[in-house]
Amino acid sequence: MRRLSLNARMAKDAPASAEIPVVLIEINHPELEKPIRLSTDNTERLSSDPLYYGTRSTWRGANPVTDPYLWIIASAQLPSDEDDTPAAAQLVLENLDAEMVRLVLSFTDVAAAHIAVVLAGTPNLIEDEYTDLQILSADIDAGQIALSLSREEIELEYFPSGRMSRDRFPGLFL
C-alpha cells in the first residue's frame, strides 16, 4: 500500500483542486560537476535575466537557494507496480535547445536518474519516489528527447549459489 499525505489525498478526492502534482528529476553521472535537477513546475520565477522558472525543494539534499530544480517542458510515464517486472519509466523532454542534445549525446556509459512526485504547494514532502534508475536509451528527434529508464531486473541480482555450508552462510551454524 502506498502512503499519501493528507494534502495529496484531498487533492485526489476533490472534484477540482489547486494542488498540482510536480515531477522532480535528478540526473547523476560521474562526469558531471553537479547533478542536473529538473522540475515540471513553473510557478516560481528563479531569475529575471536570464528568465527561468523552477521549484525549490530539499529533495536528495539539494539546497533550495543555490540548487533549485529548473523547469522543463516534459512528460513522464512513471514506473508501475506490476509484479515480476523491473521498474521502467520514460521521460519525454521537449527539445528546446541544441545544448540539451549535445549533453545527452556526450556520454557513452550509463547515467543514474532519480524521480520524485510532490505537490506544488509542498515541494519538500515526497508523495512518490523512484531512485537508482538507469538511463538506458535516448531517442532524439527535432522536437523531443525521449529517455528510457529502468532498474536492474531482480533475476540479475547477485546471490550466493551452491550448498548451505558454513562458508557461505555462517549465521546458520552458530
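Report follows, based on the coordinates. Worth saying up front: this structure is predicted, and the values here are computed from it rather than measured.

Now for a nonpolar patch on the surface. Taken together, W71, I73 and L96 make up a surface patch of nonpolar side chains, about 290 Å² in accessible area. Turning to its location among the elements, I73 is positioned in the loop between β5 (69-71) and β6 (74-77). The class for I73 is partly exposed, based on a relative accessible area of 40%.

Before going further, it helps to spend a moment on the sheet that holds strand β8 (residues 112-119). Strands belonging to one sheet form pairs held by backbone hydrogen bonds; the direction of such a pair is parallel or antiparallel. The strand order across the open sheet built from 10 strands is β3-β4-β5-β2-β1-β8-β9-β10-β7-β6, with neighbouring strands paired in mixed fashion. Among the strands making up the open sheet, the edge pair consists of β3 (44-48) and β6. On average, adjacent strands in this sheet sit at an angle of 35° to one another, irrespective of strand direction. Where strand β2 (residues 36-39) lies against β5, two bridges are found, and the strand directions are parallel. Across the sheet, the residue bridging to S39 is W71, located in β5. Strands in contact with helix α2 (residues 98-105) are β2, β7 (88-94), β9 (128-140) and β10 (144-150); relative to β9, the strand with the most contacts, it is inclined by about 100°.

Quick look at unusual backbone geometry now. The omega torsion across D49 and P50 is 0°, close enough to zero to call that bond cis. When you line up the elements, P50 lands in the loop between β3 and β4 (51-55). Positive phi, close to 55°, is recorded for R60, a residue that is not glycine. Positionally, R60 belongs in the loop between β4 and β5. Despite not being glycine, D132 shows a phi value in the positive range, around 55°. When you line up the elements, D132 lands in strand β9. The exposure class of D132 is exposed, given its relative accessible area of 54%.

Thresholds applied
Residues numbered from 1 in each chain as written. Predicted model: local features only at pLDDT ≥ 70, side-chain atom pairs only at ≥ 80, totals over all residues. Heavy atoms only, no water. Patch = residues over 30% accessible without salt bridge, like charges linked within 9 Å, V, L, I, M, F, W, Y side chains within 5 Å. Areas by Shrake-Rupley, 256 points an atom, 1.4 Å probe, with all protein chains shown as cover. Salt bridge = Lys/Arg side-chain N within 4 Å of Asp/Glu carboxyl O. Helix = DSSP H or I, 4+ residues; strand = E, 2+ residues; numbered from the N terminus. Buried < 20%, exposed > 50% of the residue type's maximum accessible area, 1.4 Å probe, protein only. Pairing = 2+ DSSP bridges. Axes fitted to C-alpha atoms, helices over the stretch in contact; angles between N-to-C directions. Contact = heavy atoms within 4.5 Å.

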